[in-house]
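Remarks on the overall topology
If you want the building blocks of each chain, they are given just below.
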Amino acid sequence: MSKIKETITRVTSKLSPLNFLFLLFAGIVNAVGVTIFIAPVQLYDSGISGTSILLSQVTPSYLSLSFFLILLNIPLLLYGLKKQGIAFSVYAIFAVCVYAIFAWLVTDVFPIDVSIASPLAGTDLFLCAVFGGLISGIGSGMAIRFGGAMDGIEVIAVIFAKKVGLSVGTFVLIYNVLLYIICGIVMGSWILPLYSIVTYVTASKTVDFIVDGLDSSKSAMIITTKPQEIAKAISDEFQTGITILDAHGYYSDEPKTLLYVVVNQFQTVKIKSIVKKIDRNAYIAITPVADLFHGSKDHAA
């Protein structure tokens, strides 16, 4: 029992009420973009969200968009727990649940007719594609910015993309291209899948803007006088390798230590928080990594 309480305490200490507040807002915003603009005119969002829209269209009405959002996303987010950490998984599952619940409220509870057209853009596919992508992109970007995610496919991409020789962006792109092809075949029309590409591009660029550059990997160089504490905290949080180099200041000539670690797009905000919490005087430089090649396990950092 004491171990369970200790585990719960350790997990809750990593979670921020402010993050939950912003993730709540992110989930609501994402649901507005999808249910008010995208789904009513049978356009398709990207990733698991787009897959859920398609499945809700071809299955009985009681199997709703919200049902598939939870059914498909939660297992993927739990699968990524070891790679992304417990805090990320909790935040992401919370964001997805808010998205799913608010989508259900819009489609089945609120007095809003979203059955055949957008309440705001009517049947104008271009307006629905652009504004749906923009608004859902804001929600997804905020989810990533505050420690979570709105779609399980991004997590799977982080885990598997490099193993098959692809970047995260390329992995997600291939998934979405296949999704839109399947949508076109199933629905017997290519107009809606083609407009859905506009939605995807708009959302993707919006996410990039909100997160300030969504790259598959980023390298973090940390100059600190507390290397062991920071290295342990980062390793415990992300289960990743860290390279430690001796250094010294040019002007002060004081001994310092440089830590080098490669993280993914979901981890940059958290790593800055960890470092500043331990050493407020630490210097952190985070830069995009264009290509990342892993050696054998025995030679990993």
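Predicted, not measured: the structure shown is a model, and the values here were computed from it. (Residues numbered from 1 in each chain as written. Predicted model: local features only at pLDDT ≥ 70, side-chain atom pairs only at ≥ 80, totals over all residues. Heavy atoms only, no water.)

Moving on to helix 10 (residues 191–211). Taking 1.5 Å per residue as the helical rise, helix 10 with its 21 residues ought to reach 30 Å, and the 31 Å between its terminal C-alpha atoms agrees with that figure. By the burial criterion, the buried members of helix 10 are L192, P193, S196, T199, Y200, T202, A203, T206, V207 and V211. Where helix 10 is buried, its residues contact helix 2 (17–38), helix 7 (125–145) and helix 9 (168–187). (Helix = DSSP H or I, 4+ residues; strand = E, 2+ residues; numbered from the N terminus. Expected span 1.5 Å × (residues − 1). Buried < 20%, exposed > 50% of the residue type's maximum accessible area, 1.4 Å probe, protein only. Contact = heavy atoms within 4.5 Å.)

Once that is clear, we can look at the sheet that holds strand 1 (residues 218–224). Read across the open sheet, the four strands follow the order 2-3-1-4; overall the sheet is antiparallel. Sheet topology places strand 2 (243–248) and strand 4 (283–288) at the edges, where each strand pairs with a single neighbour. Strand-to-strand, the axes of this sheet are offset by a mean angle of 20°, without reference to chain direction. Here seven bridges tie strand 1 to strand 3 (residues 255–263), and the two strands are oriented antiparallel to one another. If you follow M221 over to strand 3, its bridge partner there is Y260. Sheet strands in contact with helix 11 (residues 227–238) are strand 1, strand 2 and strand 3, and its direction is about 10° off that of strand 3. Of the strands in this sheet, strand 1, strand 3 and strand 4 are in contact with helix 12 (residues 268–278), which crosses strand 4 at around 170°. (Pairing = 2+ DSSP bridges. Axes fitted to C-alpha atoms, helices over the stretch in contact; angles between N-to-C directions.)

All right, on to a nonpolar patch on the surface then. There is a patch of nonpolar side chains on the surface, built from L173, I174, V177, L178, I181, I185, W190, L194, I197 and V201 and spanning about 900 Å² of accessible area. Every element with two or more residues in the nonpolar patch is listed here: helix 9 and helix 10. Looking at the nonpolar patch, the element that brings in the most residues is helix 9, giving six residues. Residue placement: I185 occurs in helix 9. Take I185: its relative accessible area is 58%, and that puts it in the exposed class. (Patch = residues over 30% accessible without salt bridge, like charges linked within 9 Å, V, L, I, M, F, W, Y side chains within 5 Å. Areas by Shrake-Rupley, 256 points an atom, 1.4 Å probe, with all protein chains shown as cover. Salt bridge = Lys/Arg side-chain N within 4 Å of Asp/Glu carboxyl O.)

Attention shifts here to the nonpolar core. With 60 residues, the main nonpolar core has L43 and Y44 as its most contacted residues. Listed by contribution, the elements that provide at least two residues to this core are helix 2, helix 3 (47–58), helix 4 (65–79), helix 6 (86–109), helix 7, helix 8 (152–160), helix 9 and helix 10. Counting residues per element, this core draws most heavily on helix 6, at 11 residues. Non-local contacts of L43, meaning those with residues more than four positions away in its chain, are made with I38, I53, L125, C128, A129, L192, Y195, S196 and T199. Grouped together as the second largest cluster of nonpolar side chains are 14 residues, A220, I222, I271 and V275 included. (Core = buried A, V, L, I, M, F, W, Y, C linked by side-chain atoms within 4.5 Å.)

Moving on: the packing of aromatic side chains. For the structure on display, the rule yields seven aromatic pairs. Both rings, one in F22 and one in F146, keep their centres 4.2 Å apart while their planes meet at 5°; by these two values the pair is stacked. Of this pair, F22 sits in helix 2 while F146 sits in the loop between helix 7 and helix 8, and the two are 124 residues apart along the sequence. Between F37 and F131 the ring centres are 6.2 Å apart and the planes differ by 25°, which places this aromatic pair in the stacked class. With F37 in helix 2 and F131 in helix 7, this residue pair connects regions lying 94 residues apart in the sequence. Residue classification places F37 among the buried residues on the basis of a relative accessible area of 6%. Assessed through its relative accessible area of 38%, F131 is described here as partly exposed. Linked through ring pairs, F20, Y91 and F94 together constitute an aromatic cluster. The aromatic ring of F146 is capped on one face by R145, whose charged end is 5.9 Å from the ring centroid. (Phe/Tyr/Trp six-rings, centres within 6.5 Å; stacked < 30°, edge-to-face > 60°. Lys NZ or Arg CZ within 6 Å of the ring centre and 35° of its normal.)

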